[in-house]
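Here is how the chains run, residue by residue.
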Amino acid sequence: KAGVTQTPRYLIKTRGQQVTLSCSPISGHRSVSWYQQTPGQGLQFLFEYFSETQRNKGNFPGRFSGRQFSNSRSEMNVSTLELGDSALYLCASSLKTGVETQYFGPGTRLLVL
Amino acid sequence: AQSVTQLDSQVPVFEEAPVELRCNYSSSVSVYLFWYVQYPNQGLQLLLKYLSGSTLVESINGFEAEFNKSQTSFHLRKPSVHISDTAEYFCAVRGSSGGSYIPTFGRGTSLIVHP
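Throughout what follows, the structure given in this document is the object of discussion. (Residues numbered from 1 in each chain as written. Chains lettered and ligands numbered in written order. Predicted model: local features only at pLDDT ≥ 70, side-chain atom pairs only at ≥ 80, totals over all residues. Heavy atoms only, no water.)

A word on the nonpolar core. A general feature of soluble globular proteins is that nonpolar side chains tend to end up buried together. By size, the foremost hydrophobic cluster in this structure holds 27 residues, and its most contacted members are B:Trp35, B:Leu48, B:Phe74, B:Leu76 and B:Tyr89. When near neighbours in sequence (up to four residues on either side) are disregarded, B:Leu76 contacts B:Val19, B:Glu20, B:Leu21, B:Trp35, B:Leu47, B:Leu48, B:Phe63, B:Glu64, B:Ala65 and B:Tyr89. (Core = buried A, V, L, I, M, F, W, Y, C linked by side-chain atoms within 4.5 Å. Buried < 20%, exposed > 50% of the residue type's maximum accessible area, 1.4 Å probe, protein only. Contact = heavy atoms within 4.5 Å.)

Below you can see the structure in the form of structure tokens.
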């Protein structure tokens, strides 16, 4: 079974631009969660989608948004990029929401200049 | 609100020596506890988890952790480490609040195994 895939793996943007990251979960998994990992703040939960609905949301500004499609693939969007948005963005999938085991993708490394 | 404290940012140890990575948490609700490992340039992998039942949980590669409710701790141990255990280890808690299980992660502990 293929693991969680994230595209692109690396991305360079400039301040003020917007970016869209993509995550394809493990086949059969219906929950997708997104995390931001930075040296300063560590790993922080962004949001979780299950059956195309946002189920949980972390403490991030509205510039961070996401969605999930009927095939469970998910995208997250960051508008008006700031330097502090430079981070590794991790996606994790699980069979369902709750405390199911999450399987993480390799991440997308975003650099904002 | 919940929080996780990993008391050591870095733990150097020699190969075949025992190791303990410390994790303390605080939460006002029932919690579920996890340890993840992250190898360089990779995503996180679940090492082990405590949901209920026996307070001692084990992973397939020799790690174990014990849930101590009175001390609000979930320390990770291995009796004999290998070079390949060198990685970043994250402790996480998911508290049950109104059906929501938002996870909170510790800052991570870098385990460095020397030959």
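Another aspect to go through is the side chain of A:Ser94. All names here are of chain A. As for its position among the elements, Ser 94 is in strand S9 (residues 87–94). Relative accessible area serves as the criterion here: at 2%, Ser 94 is assigned to the buried category. The contacts of Ser 94, once residues within four sequence positions are left out, are His 29, Arg 30, Ser 31, Glu 100, Thr 101 and Gln 102. (Helix = DSSP H or I, 4+ residues; strand = E, 2+ residues; numbered from the N terminus.)

This part covers the pattern of salt bridges. Residue and element names in this part refer to chain A. Counting across every chain of the model gives seven salt bridges over all chains. A salt bridge links Glu 82 to Arg 63; the shortest N-O distance between them is 3.6 Å. Of this pair, Glu 82 sits in the loop between strand S8 (74–78) and S9 while Arg 63 sits in the loop between strand S6 (53–57) and strand S7 (64–68); the two residues are 19 residues apart in sequence, bridging distant segments of the chain. By relative accessible area, Glu 82 is classed as partly exposed at 43%. (Salt bridge = Lys/Arg side-chain N within 4 Å of Asp/Glu carboxyl O.)

Let us look at the state of the cysteines. Across all of its chains, the model carries two disulfides over all chains by this definition. Linked covalently through their sulfurs, A:Cys23 and A:Cys91 form a disulfide whose S-S length is 1.7 Å. Disulfide A:Cys23 to A:Cys91: torsion about the S-S bond roughly -50 degrees, handedness left-handed. Pair noted here: A:Cys23 is in strand S3 (residues 19–24) and A:Cys91 is in strand S9, with a separation of 68 residues, a long-range link. Considered together, A:Cys23 and A:Cys91 belong to a single accessibility category, that of buried residues. What pairs with B:Cys23 in a disulfide is B:Cys91, and their sulfur atoms sit 2.0 Å apart. (Disulfide = S-S within 2.5 Å.)

So, on to the sheet that holds S3(A). All names here are of chain A. As summarised here, the arrangement of the four strands in space is S1-S3-S8-S7, forming an open sheet in which the pairing is antiparallel. Edge positions in the sheet fall to strand S1 (5–7) and S7, since each of these pairs with one other strand and no more. Within the sheet, the average angular offset between the axes of one strand and its neighbour, ignoring direction, is 20 degrees. For S1 and S3, the ladder comprises three bridges, and the chain directions are antiparallel. (Pairing = 2+ DSSP bridges. Axes fitted to C-alpha atoms, helices over the stretch in contact; angles between N-to-C directions.)

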